[in-house]
Amino acid sequence: MSFDWAGIPGFEFIQDPIDYETRTHHSNMDNYEHLQIDDLKQAAIIVAYFVY
């Protein structure tokens, strides 16, 4: 965001707000049952593209 404020183009990975503010996010209740597989696949593809 500091780049945006300075008018410099940049990119950032922003957390989708879906289920972000729930009690299962980064707690002892955060487990595999709450994963969103399609979102993880999409994020993996995007990050792999940037790394490549």
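Residues numbered from 1 in each chain as written. Predicted model: local features only at pLDDT ≥ 70, side-chain atom pairs only at ≥ 80, totals over all residues. Heavy atoms only, no water.

Things to note about the overall build of the protein chain
Applicable threshold: Helix and strand definitions here come from DSSP, where helices need a minimum of 4 consecutive H or I residues and strands a minimum of 2 consecutive E residues; each element is numbered from the N-terminal end. We call a residue buried when its accessible area falls under 20% of the maximum for its residue type, exposed when it is over 50%, and partly exposed in between, using a 1.4 Å probe and counting protein chains only.
If you tally the helices and strands in the protein chain, you get two helices and zero strands. Classification of the 52 residues of the protein chain by burial places 2% in the buried group.

Regarding a nonpolar patch on the surface
For the record, the criterion: Surface patches are drawn from residues lacking salt bridges whose relative accessible area is over 30%; two like charges belong together within 9 Å, two nonpolar side chains (Val, Leu, Ile, Met, Phe, Trp, Tyr) within 5 Å. Exposure was quantified through the Shrake-Rupley algorithm and a 1.4 Å probe, taking into account, for residues, occlusion by the shown protein chains and nothing else. When a carboxyl oxygen of Asp or Glu lies within 4 Å of a side-chain nitrogen of Lys or Arg, that pair is called a salt bridge.
Side chains of Phe 11, Phe 13, Ile 46, Val 47, Tyr 49, Phe 50 and Val 51 sit close together on the surface and give an oily, nonpolar patch of about 790 Å² of accessible area. Here Val 47 lies in helix H2 (residues 37-51).

Focus on the packing of aromatic side chains
Here the distance between the centres and the angle between the planes together describe a pair of aromatic rings. For clarity, the cut-off: Here a pair means two rings of Phe, Tyr or Trp (six-membered ring of Trp) with centres within 6.5 Å. Their orientation is stacked below 30 degrees between planes, edge-to-face above 60, and tilted elsewhere.
Tallied over the entire structure, the rule returns one aromatic pair. Where Tyr 49 meets Phe 50, the ring centres are 6.3 Å apart and the plane angle is 75 degrees; that geometry is what we call edge-to-face. The exposed category is assigned to Tyr 49, whose relative accessible area is 64%. Overall, Phe 50 belongs to the partly exposed group, its relative accessible area being 44%.

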